[in-house]
Amino acid sequence: MFYYVLKYVLLGPILRLLFRPRTEGLEHIPVEGAAIVAGNHLSFSDHFLMPAVLKRRITFLAKQEYFTGPGLKGRLTAAFFRSAGQIPVDRSGKEAGQAAIREGLGVLSKGELLGIYPEGTRSHDGRLYKGKVGVAIMAITAGVPVIPCAMVGTFEIQPPGKVVPRVKRVTIRFGEPLDFSRFAGMEGEKAAVRAVTDEIMYEILALSGQEYVDDYAAKVKAAEQEAKAAEAGTRRKFPRGGR
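In this report, we go over the structure that sits alongside the text. (Residues numbered from 1 in each chain as written. Predicted model: local features only at pLDDT ≥ 70, side-chain atom pairs only at ≥ 80, totals over all residues. Heavy atoms only, no water.)

1. Side note on the overall build of the chain
So, step 1. From N to C terminus, the chain includes 9 helices and 9 strands.
So, step 2. Principal-axis analysis of the C-alpha atoms places the extent of the chain at approximately 70 × 45 × 35 Å.
So, step 3. Of the contacts made within the chain by residues no fewer than 6 positions apart, 78% connect residues no fewer than 24 positions apart.
So, step 4. Each charge class in the chain was averaged separately, 35 positive and 25 negative side chains, and the resulting centres sit 10 Å apart. (Helix = DSSP H or I, 4+ residues; strand = E, 2+ residues; numbered from the N terminus. Contact = heavy atoms within 4.5 Å. Lys, Arg positive; Asp, Glu negative; His and termini not counted. Charge placed at Lys NZ, Arg CZ, Asp CG, Glu CD.)

Here you go:
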């Protein structure tokens, strides 16, 4: 109930007024039945802008940190995501991926739309990164189509670290549904789920026009942070002009 209050009364009209999102390919979203909408993830705003333009309800697998933050802000954020029907997923530990898949399949079993970001995290530099295979496992297991989606312009309005987004028009593109029925029964085969995931990412890339990186976003980000930390340590040890 609160989802529709947010969408049509409280938040949706404001988002559509401020950001005036252009939409392309909305006809590719099925009117009914289960499906996965797989998109790039450039900004915190993605969570709200995509649902704002869809006629159907969509449920996202949201990182657990949104539900466990400290202080008043943390409690308000958790209450918001729970009220909007989003599902917390623990991304740490060996069982994290399996838990996310179980939750996602639960949504699909009800004939609903499931929203997922195959990259697993927000892009820290605006590029598109290698997708994780959970989206493929869910699509093959549930036998549902995958609609690729590209958020264009959301990195510019709210890059990582920016709390208040800039008011600027964005574009949301949906591609034709991808049918993976030819992989039925192959959700346990590594080559099959990798092939399906790569096909999904290729379609997202075609829609978004981003630069592609054939590595996982979290891995690249961690390596860059480690390099910056090492550089900072070197500067402290050997300041410019020092000996």
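Don't stop here, the text continues.
2. Let's talk about the sheet that holds strand E8 (residues 171-174)
So, step 1. Ordered by their spatial adjacency, 7 strands build an open sheet running E1-E8-E7-E2-E5-E3-E4, and the pairing between neighbours is mixed. Each end of this open sheet is capped by a strand with a single partner; those strands are strand E1 (22-24) and strand E4 (87-89). Between one strand and the next, the sheet's axes are offset by a mean angle of 25°, whatever the strand orientation.
So, step 2. The sheet contact formed by strand E3 (residues 58-63) and strand E5 (residues 113-116) spans 3 bridges and is parallel. Of the residues in E5, the one forming a bridge with Phe60 is Gly115.
So, step 3. Here helix H6 (residues 134-142) sits on the sheet and contacts strand E2 (35-39), E5 and strand E7 (146-152); the angle it forms with E2, its principal contact strand, is near 165°.
So, step 4. The sheet strands contacting helix H8 (residues 190-208) are E2, E7 and E8, and the helix crosses E7 at an angle near 35°. (Pairing = 2+ DSSP bridges. Axes fitted to C-alpha atoms, helices over the stretch in contact; angles between N-to-C directions.)

3. Some words on the packing of aromatic side chains
So, step 1. Taken as a whole, this structure holds 3 aromatic pairs when the rule is applied.
So, step 2. Ring geometry for Phe44 versus Phe48: centroids 5.3 Å apart, planes at 70°, classification edge-to-face.
So, step 3. For the pair Phe180 and Phe183, a centre-to-centre distance of 6.4 Å together with 55° between the ring planes defines the contact as tilted. For the pair formed by Phe180 and Phe183, the shared burial category is buried. (Phe/Tyr/Trp six-rings, centres within 6.5 Å; stacked < 30°, edge-to-face > 60°. Buried < 20%, exposed > 50% of the residue type's maximum accessible area, 1.4 Å probe, protein only.)

4. Some points on the nonpolar core
So, step 1. Ile36, Val146 and Ile200 are the most contacted members of the largest nonpolar core, which has 30 residues in total.
So, step 2. If sequence neighbours within four positions are ignored, Val146 has contacts with Ile36, Ala38, Ala139, Glu176, Pro177, Leu178, Phe180 and Ile200.
So, step 3. If you look at the next biggest cluster of nonpolar residues, it comprises 28 residues, including Ile29, Ala35, Val37 and Val53. (Core = buried A, V, L, I, M, F, W, Y, C linked by side-chain atoms within 4.5 Å.)

5. Observations regarding the side chain of Glu119
So, step 1. Along the chain, the position of Glu119 falls in the loop between E5 and strand E6 (128-129).
So, step 2. Lacking a salt bridge, the buried Glu119 has Arg127 as its closest oppositely charged neighbour, with an N-O distance of 9.0 Å.
So, step 3. Sequence-distant contacts of Glu119, defined by excluding residues within four places in its chain, comprise Asn40, His41, Arg127, Leu128, Tyr129, Lys130, Gly131, Lys132 and Met201. (Salt bridge = Lys/Arg side-chain N within 4 Å of Asp/Glu carboxyl O.)

6. Structural notes on the pairing of E2
So, step 1. With 5 of 5 residues buried, E2 is to be regarded as a mostly interior element.
So, step 2. Here E2 shows no split at all, with Ala35, Val37 and Gly39 on one side and Ile36 and Ala38 on the other all buried.
So, step 3. Inspection of the sheet shows E2 paired to E5 by 4 bridges, in the parallel sense. Bridged to Val37 within E5 is Gly115.

7. Examining the pattern of salt bridges
So, step 1. With the rule as written, the count across this model stands at 5 salt bridges.
So, step 2. Connected through salt bridges with shared partners, the residues Asp125, Arg127 and Glu211 form a single ionic network.

8. Some words on a nonpolar patch on the surface
So, step 1. Together, Tyr4, Tyr8, Val9 and Leu10 line one region of the surface with nonpolar side chains, adding up to about 400 Å² of accessible area.
So, step 2. Secondary-structure assignment places Val9 in helix H1 (residues 2-10).
So, step 3. Judged by its relative accessible area of 56%, Val9 is exposed. (Patch = residues over 30% accessible without salt bridge, like charges linked within 9 Å, V, L, I, M, F, W, Y side chains within 5 Å. Areas by Shrake-Rupley, 256 points an atom, 1.4 Å probe, with all protein chains shown as cover.)

9. Notes on the packing of H6 against H8
So, step 1. Running from amino to carboxyl end, H6 crosses H8 at an angle of 105°, the nearest separation of the two axes being 8 Å. In this view, H6 runs roughly perpendicular relative to H8, as classed from their interaxial angle. In this structure, H6 uses Val135, Ala136, Ile137 and Ile140 to contact H8, whose residues at the interface are Val193, Val196, Thr197 and Ile200.
So, step 2. Residues belonging to the contact of H6 with H8 are distributed by class as follows: 7 nonpolar, 1 polar and no charged. (Parallel < 35°, antiparallel > 145°, perpendicular 65-115°, else oblique. Nonpolar A, V, L, I, M, F, W, Y, C, P; charged D, E, K, R; others polar.)

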